[in-house]
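Geometric and topological summary
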Amino acid sequence: MASESAIAAEALPAPSAAPTTWLRRLLVFGAPAAYLVALTIVTLSWGLPVARDQLFFWLVLGMAAFSVPAWRSWGGLLLEWLPFFALLVAYDRLRGAVAIDQPGLAHVNAQLAFDKAIGGGEVPTVWLQQHLWHAGHPRWYDYGVWAVYMTHFFAVWVTAAVIWRVARDRFRRYAVTAVALSLSAFATYWAFPAQPPWMAGETIKMASVDRIVPEVWGQLGVGTAQSLYENSDFVNPVAAMPSLHAAFPLMLLLFFWSAGRWVRLALALYTLAMAFALVYGGEHFVIDILAGWAMALAVHAVVSAISRSRRRTS
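Residues numbered from 1 in each chain as written. Predicted model: local features only at pLDDT ≥ 70, side-chain atom pairs only at ≥ 80, totals over all residues. Heavy atoms only, no water.

Together, Tyr143, Leu220 and Val222 line one region of the surface with nonpolar side chains, adding up to about 210 Å² of accessible area. With respect to the helices and strands, the residue Leu220 is situated in helix 11 (residues 212–220). By relative accessible area, Leu220 is classed as partly exposed at 36%. (Patch = residues over 30% accessible without salt bridge, like charges linked within 9 Å, V, L, I, M, F, W, Y side chains within 5 Å. Areas by Shrake-Rupley, 256 points an atom, 1.4 Å probe, with all protein chains shown as cover. Salt bridge = Lys/Arg side-chain N within 4 Å of Asp/Glu carboxyl O. Helix = DSSP H or I, 4+ residues; strand = E, 2+ residues; numbered from the N terminus. Buried < 20%, exposed > 50% of the residue type's maximum accessible area, 1.4 Å probe, protein only.)

Okay, structure coming up:
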């Protein structure tokens with residue numbers, strides 16, 4: 001009797017794993033799709049999430065959505081990204097805190113002297129705008145300048161998210177480099193408040209220039225999502241030396257130097273395109289760009305040296 005029961009049990013079909021597999025596939029493909037739909041709706045309704053808190057919220061949510069199969073890593077995601085976010089918020093707050101009451105008294109003579117020296121007696125920003133800019137009638141390349149400038153708000157942090165997702169062993173070094181570069185720039189803003197070209201152009205020290213990016217932005221009518229914590233206290237119009245907008249692309253080039261010739265070429269072109277956008281757009285003097293590049297090189301060298309030392313001792 002027992003043998004008959006055993007035979008009957010063996011004849012029964014094994015429980016199907018199909019429902020579990022189907023649900024897993026639904027989550028794996030559905031979570032990223034739902035994330036992209038939600039991001040699109042929010043962007044179209046409230047504007048681009050360029051504010052630090054808005055951007056990091058969507059980045060963390062995106063990393064979680066694209067790593068559903070590895071959901072146990074979500075705790076580590078928060079542990080690694082919350083300090084990263086907190087340090088950058090501290091940088092934002094400190095940058096605004098060191099703003100001076102009279103921006104017109106910030107340094108500008110040294111920048112003008114250097115830029116005139118390399119421009120044959122003319123300020124490169126003034127010369128470029130006189131030859132390329134048509135106020136009120138942006139050309140196609142002005143929209144390109146706006147697009148390149150806007151990548152500053154996304155490129156470094158989206159890259160951080162991708163690194164965390166696909167090469168987590170390199171994430172901490174990348175995050176340390178980005179934070180160290182930001183804090184080093186803050187220290188310079190504190191010690192050497194400097195006017196950008198658009199501000200210097202409001203004085204008699206140089207010809208007037210326009211801020212091209214805001215002009216094009218107004219033409220496009222693209223909105224931005226409101227930050228939950230940023231306000232006018234975070235604004236520092238004389239945080240121009242060095243240019244972080246210029247430093248970050250070079251930081252990316254140096255970090256991915258070993259990725260191959262084509263990656264290096266693409267990032268080198270991006271670095272130069274950002275430099276042109278900043279000078280032509282009236283946001284930075286050439287010397288601000290060079291200072292940003294020098295700081296990126298120095299921070300990369302220090303972080304790389306510390307990383308090599310830690311590997312040797314471990």
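What follows covers the nonpolar core. Grouped together as the largest cluster of nonpolar side chains are 66 residues, with contacts concentrated most on Trp81, Phe84, Trp157, Leu181 and Leu252. The element contributing the most residues to this core is helix 12 (residues 244–255), with 10 residues. The contacts of Trp81, once residues within four sequence positions are left out, are Phe56, Leu59, Val60, Met63, Trp157, Ala160, Ala161, Trp164 and Phe171. Counting 16 residues, the second largest nonpolar core, distinct from the first, contains Ala106, Ala194, Met206 and Ala240. (Core = buried A, V, L, I, M, F, W, Y, C linked by side-chain atoms within 4.5 Å. Contact = heavy atoms within 4.5 Å.)

One pass over the structure, following the stated rule, counts 2 salt bridges. Across the pair Arg172 and Glu80 runs a salt bridge, and its minimum N-O distance is 3.2 Å. Residue Arg172 is located in helix 9 (residues 171–191), and its partner Glu80 is located in helix 4 (residues 74–97); the two are separated by 92 residues in the primary sequence. Close ionic contact of Arg211 with Glu283 constitutes a salt bridge, the shortest N to O distance being 2.9 Å. Taken as a pair, Arg211 in the loop between helix 10 (197–200) and helix 11 and Glu283 in the loop between helix 13 (261–280) and helix 14 (286–313) lie far apart in primary sequence, 72 residues in all. Judged by its relative accessible area of 31%, Arg211 is partly exposed.

A word on the side chain of Glu80. With a relative accessible area of 18%, Glu80 lands in the buried category. For Glu80, the contacting residues outside a window of four places in its chain are Trp164, Arg168, Phe171 and Arg172.

Keep in mind these values describe shape, not function.
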